[in-house]
Amino acid sequence: TEELHRREQAGEIRWEPRKFVASDLDGCFLAIAATDDRAVNAEVGRLAREQGIWVSVADAKEECTLFFPAIVETEQEVIGIVGSGNSHHRVSALAKRLREVVEDEDSSGKPR
């Protein structure tokens, strides 16, 4: 994406256009397998689990050891909603509804 390209140019991230190798997981505590290749995603997931690394495998919820939450933030709270990996759209919709609820409250915390 343009944003990732901009961040790479700014030195904020490093992009290495090459195939995954097992040593990419060395020293990691979290891995995200989100390629367009099922075999690569499965390998990343398997290796990460074997090494005790938290892993999210985008195309196989049963291979994940974590699910990313939808976050709702206010000045006073941070609320996370996590699903079982079955319906990202439902979690997203719930977070949207919750944002609407907290935005409708005034600063005293009482609904309008």
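In this text, all values refer to a predicted model and were calculated from it rather than measured experimentally.

When helices and strands are tallied, the protein chain shows 3 helices and 4 strands. Start at the N end of the protein chain and walk to the C end: the helices and strands fall as α-β-α-β-β-β-α. Its C-alpha radius of gyration of 18 Å places the protein chain more than 25% over the 13 Å reference for a compact globule of 112 residues. Looking at the protein chain as a whole, 20% of its 112 residues qualify as buried. In the protein chain, which carries 15 positive and 22 negative side-chain charges, the distance between the mean positions of the two groups comes to 4 Å.

For the rest of this paragraph, the subject is the nonpolar core. Among the nonpolar cores identified, the biggest contains 11 residues, and these are Leu 25, Ala 31, Ala 33, Val 44, Leu 47, Ala 48, Ile 53, Val 55, Val 57, Ala 60 and Cys 64. Examining the composition of this core, we find that 3 residues originate from one element, helix H2 (residues 38-50), more than from any other. Beyond its immediate chain neighbours, meaning those up to four positions away, Leu 47 contacts Phe 20, Ala 22 and Leu 25. Counting residues in hydrophobic clusters, the runner-up holds 5 residues, among them Ala 70, Val 72, Val 91 and Ala 95.

Where strand S1 (residues 30-33) lies against strand S2 (residues 54-57), 4 bridges are found, and the strand directions are parallel. What sits directly across from Leu 30, in S2, is Trp 54. A crossover connection joins S1 to the parallel S2 through H2; in handedness this β-α-β unit is right-handed.

It is worth spelling out the pattern of salt bridges at this point. Scanning all chains against the criterion turns up 8 salt bridges. Of the charged contacts in the structure, one is a salt bridge between Arg 7 and Glu 12, with a shortest N-O distance of 3.8 Å. A salt bridge links Arg 18 to Asp 24, with the nearest nitrogen and oxygen atoms 2.6 Å apart. The exposure class of Asp 24 is partly exposed, given its relative accessible area of 29%. Each of Arg 14, Glu 16, Arg 18 and Asp 24 takes part in a single network of salt bridges with overlapping partners.

Cut-offs used in this document
Residues numbered from 1 in each chain as written. Predicted model: local features only at pLDDT ≥ 70, side-chain atom pairs only at ≥ 80, totals over all residues. Heavy atoms only, no water. Helix = DSSP H or I, 4+ residues; strand = E, 2+ residues; numbered from the N terminus. Rg over C-alpha atoms; globule rule 2.2 N^0.38 Å. Buried < 20%, exposed > 50% of the residue type's maximum accessible area, 1.4 Å probe, protein only. Lys, Arg positive; Asp, Glu negative; His and termini not counted. Charge placed at Lys NZ, Arg CZ, Asp CG, Glu CD. Core = buried A, V, L, I, M, F, W, Y, C linked by side-chain atoms within 4.5 Å. Contact = heavy atoms within 4.5 Å. Pairing = 2+ DSSP bridges. Right-handed = clockwise from strand over helix to strand, strands pointing away. Salt bridge = Lys/Arg side-chain N within 4 Å of Asp/Glu carboxyl O.

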